[in-house]
Amino acid sequence: MKGTLGTIVFGMTLGVIGWGGFNWSLELTNTEQFCISCHEMEDNVYQELQETVHWSNRTGVRATCPDCHVPKEWGYKVMRKIKASNELLHKMLGTIDTPEKFEEYRLTMAMSEWKRMKSSNSRECRNCHAFKSMSLDKQQERSADRHDPFVWAELDGHNPDMTCIDCHKGIAHRLPAGWEEAVNNDPILRVEAAAE
Amino acid sequence: MRRVITTTMFAATMMLALPIGSHAVEVQSLRGGEINVEKPEAAPSYKQITAKGGIARSYETQPPLIPHTIDKDRIDLKSNSCMRCHSEKNFEKEKAPKVGDSHYETREGKTLATTSSRRYVCTSCHVPQSDTNPLVQNNF
């Protein structure tokens, strides 16, 4: 009896330490500091981010790498982290270790990230931006006009037929050469002209 | 765009300033006078205005002014974000004015399917406006 209780307490302690340690180290890989510890990220995309509104803006809210590129929900996050092992492989292979190589792969990488965002209905954008909380009269008229049908769709309980990334590409990093043709020729990313 | 220009100007100034700083005596004008090289004051940033329906031309051949903000737009070797709306492919869908017909002609007068490369940098001629007092009054 005494032995069983001991085993349970021991197991629980080990579980707390093990699980806590796992999550702690997972969170360590979820920081801007970790992302830009690779020069590939620091010299290219990180510099570009600093020119954009997601870096510095009127209200002082900043989005850093994991805010857009790593899902917040645990299950999706772990899936993304597992897929990221491919990025470690390419880090070791040196696939993008010079600016020239980075440019050569920029379209491939951008397309892959756009597809990820589109297939999750821009989940990471929506951690901060939601149609329901948009004040259309505070937007510029041309922005308000375009957001309006989606805001109403969501307020009426329908799913808007377009998602953030359909239009908002290249807002935090530079657009790759030939992106427009590539997007129009891609079955996932192509946007049919919105019905008016 | 402006920030890119500012950064480039700053980098250029730094490149000029560094050697001058260390050999201040050696730099002279051709007539022997001292050259005073100082970092230019940063241009004040003005809020770009939006004007519904565009801004009327002041004279016949004036390049149309940009009636919206362009601070998030970028024109570089790889992409030109103005063309997301104003290109011959997108202008109808985006309900934006199409790039002028003259912009499809090469220097030799040949008409191309897309804009001629000499017209690539929109902001060389087309500029946004801000609501400020003119620095110099004129009667043009």
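Keep in mind the model is a prediction, meaning the values are calculated, not measured.

Student: How should I be thinking about the interface of chain A and chain B in this particular structure?
Tutor: One widely used convention gives an interface's size as the accessible area the parts lose upon coming together. Tallying the contact residues gives 22 residues for chain A and 19 residues for chain B. Carbon and sulfur atoms make up 39% of the surface buried where chain A meets chain B, a total of about 1,600 Å² over both sides. Where chain A touches chain B, the interface holds 5 salt bridges. Measuring nitrogen to oxygen at the nearest pair gives 2.4 Å for the salt bridge that ties A:R146 to B:E94. Counting across the interface, chain A meets chain B through 9 residue pairs in polar contact (both at pLDDT 80 or more).

Student: What should I look at first to understand the pattern of salt bridges in this one?
Tutor: Two side chains of opposite charge can pair, provided their charged atoms sit close to one another. According to the stated counting rule, one finds 20 salt bridges over all chains in the structure shown. A salt bridge links A:E40 to A:K91, with the shortest nitrogen-to-oxygen separation between them at 2.9 Å. Of the two residues, A:E40 is situated in helix 3 (residues 39-49) and A:K91 in helix 6 (residues 85-93); the sequence distance between them amounts to 51 residues. For A:E40, a relative accessible area of 3% gives the class buried. Its relative accessible area of 35% is what places A:K91 among the partly exposed residues. With a closest N to O distance of 3.3 Å, A:D186 and A:K115 form a salt bridge. Separated by 71 residues along the polypeptide, A:D186 in the segment after helix 10 (179-184) and A:K115 in helix 7 (residues 99-119) bring together distant segments of the chain. Assessed through its relative accessible area of 9%, A:D186 is described here as buried. Judged by relative accessible area, A:K115 falls into the partly exposed class, the value being 28%. Salt bridges sharing partners connect three or more residues here, namely A:E48, A:E103, A:R106 and B:K78.

Student: Looking at this structure, how should I read the packing of helix 1 (residues 2-28) of chain A against helix 5 (residues 74-83) of chain A?
Tutor: Helix-helix packing is characterised by the crossing angle of the two axes and by the distance between the axes. All names here are of chain A. At a minimum axis separation of 12 Å, helix 1 and helix 5 run at an interaxial angle of 65°. If you check the angle between helix 1 and helix 5, you find them roughly perpendicular. Once helix 1 is placed against helix 5, the crossing between them reads as left-handed. Packed against helix 1, whose contacting residues are W19, F22, N23, L26 and E27, the element helix 5 presents W74, K77, V78 and K81 at the interface. A per-class count over the contact of helix 1 with helix 5 returns 5 nonpolar, 1 polar and 3 charged.

Student: Help me understand helix 3 of chain A, please; the structure alone is not making it clear to me.
Tutor: One full turn of an α-helix is made of 3.6 residues, so residues set three or four places apart face in the same direction. All names here are of chain A. Within helix 3, burial applies to E40, N44, V45, Y46, E48 and L49. Down the axis of helix 3, the smallest arc covering the buried residues is 165°, so these residues share one side. Buried-residue contacts for helix 3 involve helix 2 (32-35), helix 6 and helix 7.

Student: I tried to follow the packing of aromatic side chains on my own but got confused; where do I start?
Tutor: Two aromatic rings are characterised by how far apart their centres lie and by the angle between their planes. Residues and elements named next belong to chain A. Tallied over the full model, the rule gives 5 aromatic pairs over all chains. Ring centres of W19 and F22 lie 5.8 Å apart, and the angle between their planes is 25°; on these two criteria the pair is classed as stacked. Taken together, the residues W19 and F22, both in helix 1 and 3 residues apart, mark about one turn of the helix. Ring plane angle 70° and centroid distance 6.3 Å describe the contact between W114 and W179, whose orientation is recorded as edge-to-face. Taken as a pair, W114 in helix 7 and W179 in helix 10 lie far apart in primary sequence, 65 residues in all. Note on accessibility: W114 and W179 belong to one class, buried. The rings of W19, F22 and W74 are connected pair by pair, giving a single aromatic cluster. Over the ring of Y76 we find R123, and its NZ or CZ is 3.8 Å from the ring centre. K169 extends its terminal NZ or CZ atom over the ring of W114, reaching a point 5.7 Å from the ring centre.

The rules behind each value
- Residues numbered from 1 in each chain as written.
- Chains lettered and ligands numbered in written order.
- Predicted model: local features only at pLDDT ≥ 70, side-chain atom pairs only at ≥ 80, totals over all residues.
- Heavy atoms only, no water.
- Contact = heavy atoms within 4.5 Å.
- Buried area = accessible area lost by both parts, 1.4 Å probe.
- Salt bridge = Lys/Arg side-chain N within 4 Å of Asp/Glu carboxyl O.
- Polar contact = N/O pair within 3.5 Å; in protein donor to acceptor, adjacent residues only side chain to side chain.
- Helix = DSSP H or I, 4+ residues; strand = E, 2+ residues; numbered from the N terminus.
- Buried < 20%, exposed > 50% of the residue type's maximum accessible area, 1.4 Å probe, protein only.
- Axes fitted to C-alpha atoms, helices over the stretch in contact; angles between N-to-C directions.
- Parallel < 35°, antiparallel > 145°, perpendicular 65-115°, else oblique.
- Left-handed = near helix turned anticlockwise from the far one by under 90°.
- Nonpolar A, V, L, I, M, F, W, Y, C, P; charged D, E, K, R; others polar.
- Arc of directions from axis to C-beta.
- Phe/Tyr/Trp six-rings, centres within 6.5 Å; stacked < 30°, edge-to-face > 60°.
- Lys NZ or Arg CZ within 6 Å of the ring centre and 35° of its normal.

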